[in-house]
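Structural description and commentary
Chain by chain, the residues run as shown.
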Number of protein chains: 2
Amino acid sequence: MSKQLLLSNIRNVLARLEETIIFELIERAQFKRNDIIYQPGFFGLALGGESLVGFHLLEIEKVHARIRRYTSPDELPFFRNLPEPVLPLLHYAENPLRPNTVNINARIRGIYEEEIVPYICSSGDDMQYGSSSMCDITCLQALSKRIHYGKFVAESKYRADPDGYRLLCVTGDQNGLMKKITDQGVEEQVLERVAFKAETYCRELTGDGGDPKIDPVRVVDIYRRWIIPLNKEVQVSYLLTVEK
Amino acid sequence: MSKQLLLSNIRNVLARLEETIIFELIERAQFKRNDIIYQPGFFGLALGGESLVGFHLLEIEKVHARIRRYTSPDELPFFRNLPEPVLPLLHYAENPLRPNTVNINARIRGIYEEEIVPYICSSGDDMQYGSSSMCDITCLQALSKRIHYGKFVAESKYRADPDGYRLLCVTGDQNGLMKKITDQGVEEQVLERVAFKAETYCRELTGDGGDPKIDPVRVVDIYRRWIIPLNKEVQVSYLLTVEK
């Protein structure tokens, strides 16, 4: 079996992404909400109707597409029609997933901008528009990777028990699939580990830094309300394409 | 006096940048050294003779220049001839610095690639070239900001004691200026605070994550060997331009 599908490896990747996500949320939370950076058109015509964050994200994705980011099966773009890679393929990247088009980045972006930013940032405007949007992009990319890693989780579960999954997949039984992939015990473990990490990283260490950090409870809540449920949705959507 | 020149505000900015720098170093250290990403020309002709990191950094700087990053006096690019901003100037950004061209980013990049990466990453190649170079870019930007913040420190010190500085500046007395700006007590405080933060953030929390973090002693060492001395160099270089 592909190394990428070993459940122990998947769990390591997901656990390591917790650091990335918590660090990036803390970075974003040092700035205020800065609502105008999410308003389409606010920064003028040169942004093609996009918000500042949307424009910035698109331009960064163009750069990343050119250096081959999206040829990796664990990276999905938020935009379409990105340029071709300019890098030669140095090695054959084995892709253990089945062909699929599952990509919920549009929803992730909506939830991030409308729910998560207001949840972690204090309201107001500090004019740190560029810095805030840089943090937004790294947050969005980390969240997208974490959530879409559900594809690897689903493929791994499927291969471990194809007979248990096949009928649910063929009949498109979403509720049945959701029930079958759900492991309440593992979810609780994740939340406990995230709580422990968030308490460590979000602690006010010296009082010198000035900037407020995030309440660790909110980090756990972001996992509980959005990251874990969206990851499970990706698993179900992926499994529905498996037997086609 | 400009808010940006209040020594208490400067210290807050520098203290907050410690989180950013430590987080970014931890992020980079999850990947191996991946030496080939620093080799000019290795990834083909399309990169214009640059290394992968150089090409990636240049392309990101073009995006950031367009959204006005380098109109801010505390952000300096690594490359020249970047495109003009496409964003309208929303407000007049007050610049409390005197006109100057101090920019040691070329040296910062050399030290980062040749000294810091080998110091924090385990040797070898894990083929995570894109991810590693993304971390490199955010590390380089954070280090550059931290180091060039010396301009604000120097301007603030100068304004607090112009008579004490003027002759040293006029006569170009580098050693005298270095002595005058040096405050051993503050440097020790910074190193102690960085040590405390690094010990917290670099701790292996659960054993689940798998990836080794950085030895906190090395983070302190990066401050002692490079960040603080280069910051002081920037202060001196800036002061030498003040009375011209």
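Keep in mind it's a predicted model, so treat the numbers as computed, not measured.

Brief notes about the overall build of chain A
Counting its secondary structure elements, chain A contains nine helices and zero strands. Listed by position from the N terminus, the elements making up chain A come as α-α-α-α-α-α-α-α-α. Each principal axis of the C-alpha distribution contributes one length, and for chain A these read about 55 × 40 × 35 Å. Across the 244 residues of chain A, 56% fall into the buried class. When contacts within chain A are restricted to residue pairs at least 6 apart in sequence, those whose partners lie at least 24 apart make up 76%. Of the roughly 10700 Å² of accessible surface on chain A, a fraction of 51% belongs to carbon and sulfur atoms. Seen as two clouds, the 31 positive and the 34 negative side-chain charges of chain A have centres 5 Å apart.

Some thoughts on the relation of the copies chain B and chain A
With an RMSD of 0.0 Å, the operation that places chain B on chain A is a rotation of 180° combined with a shift of 0.0 Å along the axis. Such values leave the two copies arranged in the relation of a two-fold axis. Both copies present the same face, since 100% of the interface residues in chain B are matched by interface residues at the equivalent positions in chain A.

Concerning the packing of helix 1 (residues 7–29) of chain B against helix 3 (residues 105–120) of chain B
Residues and elements named next belong to chain B. One way to put it is that helix 1 packs onto helix 3 with a least axis distance of 9 Å and a crossing angle of 75°. By the angle between their directions, the pair helix 1 and helix 3 is classed as roughly perpendicular. Contacts between helix 1 and helix 3 involve Leu25, Arg28 and Ala29 on the former and, on the latter, Tyr112, Ile116, Val117 and Ile120. Considered class by class, the residues forming the contact of helix 1 with helix 3 number six nonpolar, no polar and one charged.

Thoughts on the interface of chain B and chain A
With 49 residues of chain B in contact, the opposing surface of chain A contributes 49 residues. Here chain B meets chain A over a buried area of about 4400 Å², counting both sides, of which 67% is carbon and sulfur. Three residues stand out in chain B for area buried against chain A, namely Arg16, Phe23 and Leu205 of chain B, and they jointly supply 14% of the buried area on that side. Viewed at the interface, chain A and chain B are joined by six salt bridges. Ionic pairing is found between glutamate 27 of chain A and arginine 16 of chain B, a salt bridge with its closest N-O pair at 2.9 Å. Taken together, the connections running from chain B to chain A amount to 12 residue pairs in polar contact (both at pLDDT 80 or more). Elements that contribute at least two residues to the side of chain B that touches chain A include exactly helix 1, helix 2 (52–66), helix 4 (129–148) and helix 8 (184–201) of chain B. Considering each element in turn, the side of chain B that touches chain A owes the most residues, nine residues, to helix 1 of chain B.

About the thresholds
- Residues numbered from 1 in each chain as written.
- Chains lettered and ligands numbered in written order.
- Predicted model: local features only at pLDDT ≥ 70, side-chain atom pairs only at ≥ 80, totals over all residues.
- Heavy atoms only, no water.
- Helix = DSSP H or I, 4+ residues; strand = E, 2+ residues; numbered from the N terminus.
- Buried < 20%, exposed > 50% of the residue type's maximum accessible area, 1.4 Å probe, protein only.
- Contact = heavy atoms within 4.5 Å.
- Areas by Shrake-Rupley, 256 points an atom, 1.4 Å probe, with all protein chains shown as cover.
- Lys, Arg positive; Asp, Glu negative; His and termini not counted.
- Charge placed at Lys NZ, Arg CZ, Asp CG, Glu CD.
- Least-squares fit on C-alpha atoms with pLDDT ≥ 70 in both.
- Axes fitted to C-alpha atoms, helices over the stretch in contact; angles between N-to-C directions.
- Parallel < 35°, antiparallel > 145°, perpendicular 65-115°, else oblique.
- Nonpolar A, V, L, I, M, F, W, Y, C, P; charged D, E, K, R; others polar.
- Buried area = accessible area lost by both parts, 1.4 Å probe.
- Salt bridge = Lys/Arg side-chain N within 4 Å of Asp/Glu carboxyl O.
- Polar contact = N/O pair within 3.5 Å; in protein donor to acceptor, adjacent residues only side chain to side chain.

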